[in-house]
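If you want the building blocks of each chain, they are given just below.
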Amino acid sequence: WTVYSWYCLYRNYREARTLGVPIRIIPIDHLNKLWLLVDKQVVSLVRKLPGPLGNNNFTRFNYRGWHEDDGLRAHDEMGEAFVLVTPSRNWFYLADPEALFNMYRRGKDFPRWVEITKMLDVFGGPTIATASGEQWRRIRKISNSCLNEQCNAVVWAESAALGDAMAQYWASRGVFTSVGEDSRTVTLHVLSKACFGQSFAFEGHDERRPASASASFRFSLLTVMENALLLMALTPRFFTNPWMPLPAAWRRLGKACDEFRSHMSYFYNREVRALKEGGRQKADYTLMAALVRASQQRPEGKEEGEDQFANLTEAEIYGNMFVFAFAGHDTTAHLLTYAVFFLAANPSVQDWLASELRHVLGDRPRSQWDYHADFPRLRRCLAVLYETLRVKTPVCEVKWTADRAQQLDVHVAGRAQPVTLPPRTLIIPSYLYVHKHVRYWGPDAGEWRPERWIGVRGVFGDNVDGEGWHAGNNDACRSAKGGRSSCPEEEVLLSPPSRGNYLGWSEGARDCPGKRFSQVEWVAFLAALFRDWKVEPQRREGETFADARTRVLDFVEADSGYGGLLLQLMHPEKVPLVWSRR
Ligand code: HEM
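Residues numbered from 1 in each chain as written. Predicted model: local features only at pLDDT ≥ 70, side-chain atom pairs only at ≥ 80, totals over all residues.

Cut-off, in case you're wondering: UniProt positions are given in the numbering used here, feature names are shortened, and annotations may be inferred rather than shown by experiment.
An unreviewed UniProt entry lists the protein under the name Cytochrome P450-like protein, with Parachaetomium inaequale given as the organism. UniProt, in its Cofactor (unreviewed entry) section for the protein, records the words "heme".

1. Let's talk about the site of the ligand
For clarity, the cut-off: Put plainly, near means the residue's C-beta atom, positioned from the backbone, lies within 6 Å of the molecule or strand in question. Put simply, Ala, Val, Leu, Ile, Met, Phe, Trp, Tyr, Cys and Pro go in the nonpolar bin, Asp, Glu, Lys and Arg in the charged bin, and everything else, Gly too, in the polar bin.
Around the ligand, the surrounding shell holds 24 residues, and the nearest of these are Ala327, Gly328, Thr331, Cys512 and Gly514. When grouped by side-chain class, the residues that make up the shell around the ligand number 13 nonpolar, seven polar and four charged.

2. Considerations on the UniProt feature "binding site: heme" (unreviewed entry) in the protein
Going by this rule: A run of H or I in DSSP becomes a helix once it reaches four residues, and a run of E becomes a strand once it reaches two; helices and strands are each numbered from the N terminus. Note on burial: count the other C-beta atoms lying within 10 Å of the residue's C-beta; 20 or more is buried, 12 or fewer is exposed, in between is partly exposed, and C-beta positions come from the backbone. Placing C-beta atoms from the backbone, we regard two residues as in contact once those atoms come within 7 Å.
Per the UniProt record, "binding site: heme" (unreviewed entry) is found at Cys512. Secondary-structure assignment places Cys512 in the loop between β10 (491–493) and α21 (515–530). Under the C-beta neighbour-count criterion, Cys512 is labelled partly exposed, with 16 such atoms within 10 Å. In contact with Cys512, other than residues within four places in its own chain, are Trp505 and Ser506.

3. A look at the packing of helix α13 (residues 248–277) against helix α14 (residues 287–296)
Formally: Only the contacting stretch of a helix is used when fitting its axis, a line to C-alpha atoms as for every element, and angles between N-to-C directions run 0 to 180 degrees. These descriptions rest on fixed angle ranges, namely under 35 degrees for roughly parallel, over 145 for roughly antiparallel, 65 to 115 for roughly perpendicular, and the rest for oblique. By convention the crossing between two helices is left-handed if the near helix lies anticlockwise of the far one by an angle smaller than a right angle, and right-handed if it lies clockwise.
Relative to each other, α13 and α14 sit at 55°, their axes nearing to 9 Å. It follows that α13 is oblique to α14 by the angle criterion. Between α13 and α14 lies a crossing of right-handed hand. Where α13 approaches α14, its residues Phe267, Tyr268, Glu271, Val272 and Leu275 are matched on the opposing element by Met288, Ala289, Val292, Arg293 and Gln296. The class makeup of the residues in the contact of α13 with α14 is seven nonpolar, one polar and two charged.

4. Brief notes about helix α11 (residues 217–226)
Among the residues of α11, Ser220, Leu221, Leu222, Thr223, Val224 and Met225 are the ones counted as buried. On its buried face, α11 is in contact with α10 (179–196), α12 (228–240), α13 and α15 (314–344).

5. Section: the nonpolar core
A general tendency of soluble globular proteins is for nonpolar side chains to be buried together. Under the convention used in this document: As used here, a nonpolar core is made of buried Ala, Val, Leu, Ile, Met, Phe, Trp, Tyr and Cys residues. They are joined through C-beta atoms within 7 Å.
Val523, Leu526 and Ala527 are the most contacted members of the largest nonpolar core, which totals 111 residues. Dropping the residues within four chain positions of it, Ala527 is found in contact with Ala160, Leu357, Leu361, Trp369, Leu378 and Cys381.

6. Details of the sheet that holds strand β4 (residues 175–176)
Cut-off, in case you're wondering: Any two strands are treated as partners once DSSP identifies two or more bridges connecting them.
Strand order in the open sheet made by the three strands is β4-β14-β11, with antiparallel pairing throughout. Of all the strands in the sheet, the pair left with one neighbour each is β4 and β11 (533–537). Sheet topology note: the β4/strand β14 (residues 577–581) ladder contains two bridges and is antiparallel. In the strand pairing of β14, Val175 is matched with Val578.

7. Points about the pairing of strand β3 (residues 90–94)
Counting buried residues in β3 gives five out of five residues, a clear majority hidden from the surface. Burial of β3 is two-sided: the residues Asn90, Phe92 and Leu94 facing one way and the residues Trp91 and Tyr93 facing the other way are all buried. Counting the residues that bridge the hairpin from strand β2 (residues 81–85) to β3 gives four residues. Note that β3 and strand β8 (residues 426–429) share four bridges and pair parallel.

8. Describing the sheet that holds strand β1 (residues 23–25)
Strand order across the open sheet formed by five strands is β1-β2-β3-β8-β5, with mixed pairing between neighbours. Two strands lie at the open edges of the sheet, namely β1 and β5 (399–400), each paired on one side alone. Sheet topology places β5 next to β8; two bridges connect them, and they run antiparallel. Paired with Lys399 across the two strands is Ile427, which belongs to β8.

Structure, rendered in structure tokens:
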């Protein structure tokens with residue numbers, strides 16, 4: 001095996017040399033399953049060795065999330081593109097915004113590497129995240145039509161109600177440490193409502209009752225989502241096998257899987273029945289109902305009997321429901337946790353945010369907030385999301401060249417030149433570089449500064465939302481008052497320096513279909529949390545606010561890591577925060 005491995009490494013190295021970009025060799029593929037279990041521990045042990053033994057390509061590049069620790073260094077040293085050669089595959093890292101945008105535009109030439117997402121097909125499939133080609137186009141088209149404005153209105157109302165309850169809970173604690181857990185609770189509850197029509201009251205971390213053995217829907221959804229990685233690695237069948245000697249917690253997981261499946265089947269049959277009887281009102285939106293409706297209707301132009309090529313099967317609906325719940329849960333929750341910490345360290349941004357919320361929502365109670373009228377005016381809330389996603393991008397993407405060589409113009413040594421990428425080359429967009437380099441974002445590129453996304457309407461002609469100038473270049477867009485516009489009505493949301501410079505929701509045909517969902521959810525949470533409340537770090541004895549702020553920001557950098565598949569704060573409970581009325 002070792003000889004074969006070295007042979008493959010040599011073969012891949014020879015192939016990498018044809019690319020004409022810098023090469024670094026590492027001995028183990030990033031996605032070797034055994035290695036994934038121990039990579040960080042082994043690397044941190046090897047790092048203790050003296051000199052080059054502890055400091056080499058292996059300790060620098062050969063573990064999950066190395067790019068977060070390395071920051072901008074790798075591309076600063078090697079230019080816009082370089083390749084990591086492993087025994088299994090070549091990993092081509094790309095930080096050229098123009099080349100990235102071209103790659104996203106040519107989705108057929110550079111498809112998603114679905115081998116990495118295939119494990120999401122645990123409750124049925126193929127799904128939107130795991131299918132390719134024609135099959136994916138069909139599922140994606142149906143999904144896009146279901147994630148519509150009706151869905152967003154449901155998300156808005158539910159998120160505002162849950163955000164409100166979370167704010168009350170934190171206020172009842174005064175000092176709280178549960179932002180990570182509570183953010184996961186609210187995002188899960190929003191998904192439960194939007195996907196299945198099941199609404200649950202907020203339960204703060206310390207109020208959680210032990211899950212009932214009778215396995216309610218909430219229990220099954222929560223348990224399945226909390227153990228999603230384990231389920232993807234071992235499949236639900238492993239946990240539901242009655243002959244397998246399993247610990248009690250794993251048995252419970254098996255039970256939750258069975259329950260989750262039978263709840264989905266119940267919801268599915270209910271929707272099919274309602275559709276047949278014409279009983280469901282338009283106002284009763286659920287994603288499940290929308291998918292069922294779309295899958296039962298024969299699309300225009302299709303003949304009888306062709307339906308199976310255009311609609312979703314029952315198994316595909318189950319698989320997709322799981323994928324939506326999985327893809328929409330931790331992404332938003334982790335970002336919300338980051339934002340609460342960034343805001344705690346930046347009271348002036350909280351004031352700026354609150355003044356927009358007061359201006360748009362006034363004193364209206366939450367029940368009178370209106371998605372269609374209020375959401376589009378809350379640009380500062382959206383700017384907080386854009387900025388948090390810029391500096392703490394949770395999702396890593398992998399594209400590849402599949403079975404054909406592809407050419408891409410890439411800046412190498414300052415000049416655009418065609419690079420021929422051999423078949424089976426993996427391409428990793430280096431979002432950290434394009435999101436944070438001073439060349440694109442100005443001297444404060446490394447700082448969390450949501451104001452960079454806001455400009456003043458009309459300063460450079462008639463800016464419209466999302467088509468203005470990037471804040472790094474828009475000093476003239478701001479009013480004289482401390483670099484901030486005084487009136488939210490005059491403001492526009494600016495776009496990034498280029499479309500290849502902002503990859504948080506990805507780009508091209510295979511970008512995130514939940515983008516608008518997450519924006520609506522996020523803005524409603526921020527509105528409920530920060531119109532009437534504020535957050536700050538709990539000070540230690542004798543600590544000034546400036547010291548506490550530095551401590552929080554240092555903590556955010558040091559504690560960021562890949563717990564599972566996403567970047568997150570690993571232990572947000574370690575830094576207590578204070579919640580109070582503004
Ligand atoms: C702020 C929160 C979110 C972020 C940052 C985010 C980011 C992303 C990214 C970067 C991708 C592309 C992944 C890849 O190519 O490997 C993606 C795909 C996807 N996202 Fe999101 N997402 C968010 C929220 C959501 C929500 C709320 C949903 C569902 C309601 C969702 C559903 C999906 C699905 C189904 C895909 C796969 C799409 C396809 O393959 O066609 N996401 N997301």
